[in-house]
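Each chain, written out:
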Amino acid sequence: MRSDRLLSILLLLQTHGQLSATDLAGRLEVSVRTIMRDVEALSTAGVPVYTVRGPQGGIALLPGYQTDVTGLTADESRALFVVLAGSAHTDLGLGQALGSALRKVMAALPAPHRGDADLTSRRVLIDPVRWRGAPGRSDLDVFQRAVFADRRLELRYRHGRDNRARTYVVDPYGLVNKAGVWYLVADHEGDPGLYRLDRSQSAVVLTEPVQRRAGVELDEVWEVLRRRIDDLPSLVAVTALVRDDVLALFLRVHQADLAEPDGAPVPQGPGWSRVELRFRSVRAVETLLAFGPGVEVLTPDEARRALSRQARAVAALYAAEV
């Protein structure tokens, strides 16, 4: 609706100051001509909006002009009060600020919408944090300092693919919270990388200024990295029995391969537990041979055959020495 778009233009200009017509058109997914017509409509309605011509020009509001949120629809008002309890805001130390902000929004809402917004806040709760999955607050503070101070970060990081720790000096773009798990998006030697915070063994903020690629923003790098993961082939689901005397070590080594990061093994008779895993390929399942007779793959049959072939090959290699 045009009224929603006019309010969006007002809020964008109020937040960002001067923006070009092209930028506004891109953000609101309309043409530049539509933006110019909307700006003219705002001006006619008495909003002190003006345009600046030239290469450094754009659209802006007169300094000091503020609008309120009385243009919110009923659904928009309710959406604001689906509070993410105990999640990203709290992790970042913004839990109290969020509560204060929502109280101010409530006070500014049109009277007919306040009841629905309040009811929504008391009836709907979203907590995206996985069980035992979040890093400690002190760890997150270090990453925040690097991100907001635009400083490089020395990171000691344990990779899920081989459980080995390596040290990197990275250039952060920012932090991303996905399904309750925090990630650092950063360049290492100019190449983008994704670092899960709960796999970091240590993080030190350096005095050197960050060296990001010019003109590249967090959302762009995140989109590239996200697609790398989303576009991977379907994972191979593996059910395995693990002997209890090696179970603790197995879970440490293959934590990244668990079907659910917090999925608990299921006891399967005396001395054994069942574990559900996911691997990128059948070939990757062969890493389970490192546990010898301490692990038995039950399904899929393709993985059992691959393990059998590898086991026979290893046995043949050493048979001549017996």
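Bear in mind that the values here come from a model prediction, so they are computed numbers and not experimental data.

Here is what the cut-offs are and how they apply
Residues numbered from 1 in each chain as written. Predicted model: local features only at pLDDT ≥ 70, side-chain atom pairs only at ≥ 80, totals over all residues. Heavy atoms only, no water. Helix = DSSP H or I, 4+ residues; strand = E, 2+ residues; numbered from the N terminus. Buried < 20%, exposed > 50% of the residue type's maximum accessible area, 1.4 Å probe, protein only. Contact = heavy atoms within 4.5 Å. Areas by Shrake-Rupley, 256 points an atom, 1.4 Å probe, with all protein chains shown as cover. Pairing = 2+ DSSP bridges. Axes fitted to C-alpha atoms, helices over the stretch in contact; angles between N-to-C directions. Core = buried A, V, L, I, M, F, W, Y, C linked by side-chain atoms within 4.5 Å. pLDDT = per-residue confidence, 0-100. Patch = residues over 30% accessible without salt bridge, like charges linked within 9 Å, V, L, I, M, F, W, Y side chains within 5 Å. Salt bridge = Lys/Arg side-chain N within 4 Å of Asp/Glu carboxyl O. Arc of directions from axis to C-beta.

1. Remarks on the overall build of the protein chain
Okay, step 1: When you go through the protein chain residue by residue, the secondary structure sums to 12 helices and 11 strands.
Okay, step 2: A buried classification covers 33% of the 322 residues belonging to the protein chain.
Okay, step 3: Summarising the internal contacts of the protein chain: among those between residues at least 6 apart in sequence, 61% fall at separations of at least 24.
Okay, step 4: Element-wise, carbon and sulfur atoms account for 53% of the exposed surface of the protein chain, whose accessible area totals about 19300 Å².

2. Some words on the pairing of strand S6 (residues 191-196)
Okay, step 1: Where strand S5 (residues 181-188) meets S6, six bridges bridge the pair, whose relative direction is antiparallel. Its bridge partner lying in S6, His-188 is registered against Asp-191.
Okay, step 2: The turn linking S5 back onto S6 is made up of two residues, and Glu-189 within it adopts a positive phi angle of 55°.

3. Considering the sheet that holds strand S8 (residues 236-243)
Okay, step 1: The strand order across the open sheet formed by four strands is S9-S10-S8-S11, and the pairing between neighbours is antiparallel. At either margin of the open sheet sits one strand with a lone partner, and together these are strand S9 (266-267) and strand S11 (295-299).
Okay, step 2: Packed on one face of the sheet, helix H10 (residues 244-253) meets S8, strand S10 (272-279) and S11 and runs near 135° to S8.

4. Describing the nonpolar core
Nonpolar side chains in soluble globular proteins tend to end up buried together.
Okay, step 1: Counting residues in hydrophobic clusters, the biggest one holds 20 residues, and the most contacted among them are Phe-250, Leu-277, Val-285, Leu-288 and Val-297.
Okay, step 2: When neighbours within four sequence positions are excluded, Val-285 is seen to be in contact with Val-238, Phe-279, Val-297, Ala-303 and Leu-307.
Okay, step 3: Among the nonpolar cores identified, the runner-up in size contains 17 residues, and Leu-140, Phe-143, Tyr-168 and Trp-182 belong to it.

5. Here's the deal with the confidence of the model for the protein chain
Okay, step 1: In this model, the protein chain carries an average pLDDT of 80, and 73% of its residues clear a pLDDT of 70 or more.
Okay, step 2: Averaged over each element, pLDDT in the protein chain is lowest for helix H5 (residues 88-91) (61) and highest for S11 (94).
Okay, step 3: Low pLDDT (under 50) marks residues 134-138, which in the prediction has eight contacts with non-local residues, meaning those over four places away or in another chain.

6. Examining the pairing of S10
Okay, step 1: With burial as the criterion, only one face of S10 is covered, namely that bearing Ser-273, Val-275, Leu-277 and Phe-279; the residues Trp-272, Arg-274, Glu-276 and Arg-278 on the opposite face remain uncovered.
Okay, step 2: Pairing geometry for S8 and S10, over eight bridges, is antiparallel. Residue pairing in the sheet places Ala-240 in a bridge with Val-275 of S10.
Okay, step 3: Adjacent in sequence and paired antiparallel, S9 and S10 are bridged by four residues, among which Gly-269 carries a positive phi angle near 80°.

7. Examining a nonpolar patch on the surface
Okay, step 1: There is a patch of nonpolar side chains on the surface, built from Tyr-50, Val-52 and Leu-62 and spanning about 240 Å² of accessible area.
Okay, step 2: Residue placement: Val-52 occurs in strand S1 (residues 49-52).

8. Focus: the pattern of salt bridges
Okay, step 1: Taken as a whole and assessed by the stated rule, the structure comprises 12 salt bridges.
Okay, step 2: Of the charged contacts, one joins Glu-223 and Arg-226 as a salt bridge, the two residues approaching to 2.8 Å between their closest N and O atoms. Remark: Arg-226 and Glu-223 occur in helix H9 (residues 218-230); sequence separation between them is three residues, near one turn of the helix.
Okay, step 3: The exposure class of Glu-223 is partly exposed, given its relative accessible area of 29%.
Okay, step 4: Of the charged contacts in the structure, one is a salt bridge between Asp-245 and Arg-243, with a shortest N-O distance of 2.9 Å.
Okay, step 5: Residue class for Arg-243 comes out partly exposed when judged on its relative accessible area of 29%.
Okay, step 6: Connected through shared salt-bridge partners, Arg-152, Asp-171 and Glu-208 make up one network.

9. Points about H10
Okay, step 1: Buried within H10 are the following residues: Val-246, Leu-247 and Phe-250. Projected onto a plane normal to the axis of H10, the buried residues spread over an arc of 130° and lie on a single side. In H10, those exposed residues whose orientation departs by more than 90 degrees from the buried face are Asp-245, Ala-248 and Arg-252.
Okay, step 2: Against S8, S10 and S11 lie the buried residues of H10.

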